[in-house]
Every structure is written in C-alpha cells, then in structure tokens.
Amino acid sequence: MKPPPFAYHAPTSVAAALELLAELGDDGKVLAGGQSLIPLLNMRLAAPAHLVDINRIDELVGIEVGDDAVTVGAGVRHAALERDEAAAQAAPLLRQALRLVAHPAIRNRGTVCGSIAHADPAGELTAVLALLGGTVRVARHGGDSHDIAAADFFVAPLESSLRPADLVTSVRFPRPPIGAGSAFVEFARRHGDYALCGIGATVALADDGSVATARVGAISIHPTPLVVDCGAALVGRPPDDERALTAAAELVDEASSPEPDLHATVLYRRQLTRVLTARAIAAAGAHARRRRRGTTHPTQEGIDG
C-alpha cells in the first residue's frame, strides 16, 4: 500500500520547524523515526497534507546524563539510547525496556520522543516515562518551551495533550534513588510483537534489606500507561516475599482496565498482569540488592536486572 499524497518539508533548525508547524496547523504532521507514522500513512489511517521531517535538525540529537535525570533529544534513536552506558547506569530501566521494543531494525530508526508522542498504551517507553515521573519538553512558535508531566501528557489510546503546532524537543527521565533496582518484563505472542501485557517495576530497599518503596508501570492493560504504588503490599517485607508479591499483583490488577481483542481475553490479560507484576517486582528487588552490593557492572545494567 502507498500513502496518500503529501507535501514534504525538511527544516534544519527548531525555529524553522516551529514556524512551519504554526503555518500548517492541523494539516502538518511531524516525521521523526517514522516507525509508527509511515504504517499509518500506508494503511490510509492518517492523511496529513504536509510532513515536517525533523531528522536534519542537529540540535535535537543528544543524550544528556545529569545528576538528577537523563534528557533525550527528539532526534535520538532507540538504539542510541539503548547503547548509551552512562544513561543505562543512571536509569537502568531505560535499557531494560528498550531491549524489548520491537526488533533491532525498528530500534535503529525509531525515536524515543516519537514513541512517547505517539502515546500508544502498548509502548514500553510510555510506561517508563510515567513510572519514573518524567516530563515532555514541548516547543511552539512564538511561545516559550514548557514541560508536561507524564501524568498529564497521556490522555487516551494514541492521544496525548499535544496541540497541532506543538513540537516535542526532548523527554526527561528522572534518575531513581541511588541503589534502587528496576526491571521490565512483558509477554508477547512472538518476540517483537506488541506485548499482551508489560510490567516495569522500581524497588528501593531499606537498610535492613526490606522494601522501602515499590512502584509499577504497566502497558497494554489500560487506556494510558498505568502507574501503581505497591508500597501498601510490600513496604517492610522482603522483595521476594511471595505473599507480598501476590498482594502487590492484586493491587495492579484491580487498578487496570484491560480490553479483549483477537489476541487475548480480559481474563487472560488479568492473569498475565498478576504473574508479570510479581516477576517484575521480584526482579527489581534482586537488582536493587546487587546494586547495593556493587556487583552489577555498568555494562550489564538493564540486561541482568
């Protein structure tokens, strides 16, 4: 299939891109990696009159690892962030989730910010951003850039709070506390397919090795990325306590709103939610223990956790 006709624009600066988007309004669509947009065009599910390609804007390509967050520019590919050792050390959940995104060929082209702007409730990075309490930096012609919290950014399936002339210039992933552990697990029919359920977890431990905080971010079981505080079930308990993990899994299941489709019933997705939640929290707890002991090598972050 071929896309409907469109006019193509390739600005070389953020200012030029913003001016174009303001002029085009609802008729303009931003093209970054194109791994979500191009299939929509080919299937005639989207038909913008103009595409604004931001791939020639050098100022949007960059990964900044600061003391409090990892900031990723709108031109950064999934694969580039996945390979970045400093980012993996600062926020291991990024690599843990990125290695599950589709296939290497797609990660080589798809962009981190584009995936988040697409707002697919099955997208791994939407859950990572929400779970870490991240923000999306948005620019608009004639106005100042502003940040939108993840909790306010995702509105509905494939719908964000972006307006037609807005341009996402970067996303910010806060660093978890020192020594905190994380994990991301999911289940799909085939490797690289959209997950029937995916669970990311972050766990921080107290001095005695018990759970101090535990949070979960879920995909494919709610209209938007679902974040659940599991502290009520886990605080003060060992991170591998089976009863506590079961209670935490029930909290996530109760908060979810899965929908049936050709691939899974509601009951099946709820079962996956409970099983994967327990696995993710236990893995995040084990990761936290290794980080406290200093036995996790930076190059392993996001692989063994």
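The structure displayed is predicted, hence computed values, not measured ones.

Reading guide: rules and limits
Residues numbered from 1 in each chain as written. Predicted model: local features only at pLDDT ≥ 70, side-chain atom pairs only at ≥ 80, totals over all residues. Heavy atoms only, no water. Core = buried A, V, L, I, M, F, W, Y, C linked by side-chain atoms within 4.5 Å. Buried < 20%, exposed > 50% of the residue type's maximum accessible area, 1.4 Å probe, protein only. Helix = DSSP H or I, 4+ residues; strand = E, 2+ residues; numbered from the N terminus. Contact = heavy atoms within 4.5 Å. Pairing = 2+ DSSP bridges. Axes fitted to C-alpha atoms, helices over the stretch in contact; angles between N-to-C directions. Phe/Tyr/Trp six-rings, centres within 6.5 Å; stacked < 30°, edge-to-face > 60°. 1 Å grid on protein atoms, 1.4 Å probe; cavity = no way out; pocket = protein on both sides within 12 Å on 5 of 7 lines; lining within 4 Å. Points joined across faces, edges and corners; volume = space filled by probe spheres on them. Nonpolar A, V, L, I, M, F, W, Y, C, P; charged D, E, K, R; others polar. Domains from an automatic or database assignment.

Trainee: How should the nonpolar core be read in this particular structure?
Mentor: Counting residues in hydrophobic clusters, the biggest one holds 52 residues, and the most contacted among them are Ile-116, Val-128, Val-171 and Phe-173. For this core, the leading source of residues is helix α8 (residues 124-132), giving seven residues. With near-sequence residues (within four places) excluded, Val-171 lies in contact with Val-70, Thr-71, Val-72, Val-112, Cys-113, Ile-116, Leu-129, Thr-135 and Val-136. Formed by 29 residues, the second largest nonpolar core is a distinct cluster that contains Val-185, Cys-230, Leu-245 and Val-252.

Trainee: Sorry if this is basic, but what is going on with the sheet that holds strand β7 (residues 146-149) here?
Mentor: Across a sheet, strands are paired by hydrogen bonds formed along the backbone, either parallel or antiparallel in direction. With antiparallel pairing, the five strands of this open sheet are ordered in space as β4-β5-β10-β6-β7. Of all the strands in the sheet, just β4 (63-65) and β7 have a single pairing partner and so form its edges. Neighbour-to-neighbour, the strand axes of the sheet open up by a mean angle of 20°, direction not taken into account. One ladder, built from three bridges, connects β4 with strand β5 (residues 69-73); its direction is antiparallel. Pairing of Glu-64 across the sheet is with Thr-71, part of β5. Taken strand by strand, helix α1 (residues 14-24) contacts β6 (135-139) and β10 (167-174), and its axis lies near 120° from that of β10. In this fold α8 packs onto β6 and β10, with an angle of close to 55° to the strand it touches most, β10.

Trainee: I'm lost on the packing of aromatic side chains in this one. Help?
Mentor: We describe a pair of aromatic rings using the distance from one ring centre to the other and the angle between the two ring planes. In total, this model carries one aromatic pair according to the counting rule given. Aromatic side chains Phe-153 and Phe-154 sit 5.2 Å apart centroid to centroid with 90° between the ring planes, which places their arrangement in the edge-to-face category. Overall, the relative accessible area of 0% leaves Phe-153 in the buried class. Taking relative accessible area as the criterion, Phe-154 reaches 9% and is therefore assigned buried.

Trainee: What am I meant to see in the layout of surface pockets here?
Mentor: Over the atoms rolls a probe the size of a water molecule, and in doing so it shows where empty space is left. For the largest pocket, the calculated volume is near 1200 Å³. Around the largest pocket sit 46 residues that line it, and Ser-36, Gly-114, Ser-115, Ala-117 and His-118 are the ones nearest its centre. No other element matches helix α7 (residues 112-118), which puts five residues into the lining of the largest pocket. Space inside the second largest pocket adds up to approximately 520 Å³. Surrounding the second largest pocket, 22 residues form its lining, Asp-120, Ala-122, Ser-220, Asp-261 and Arg-269 being those nearest its centre. Grouping the constituent residues of the lining of the second largest pocket by class yields eleven nonpolar, five polar and six charged. Of the residues that make up the lining of the second largest pocket, three or more belong to each of domain 2 (63-174) and domain 3 (181-294).

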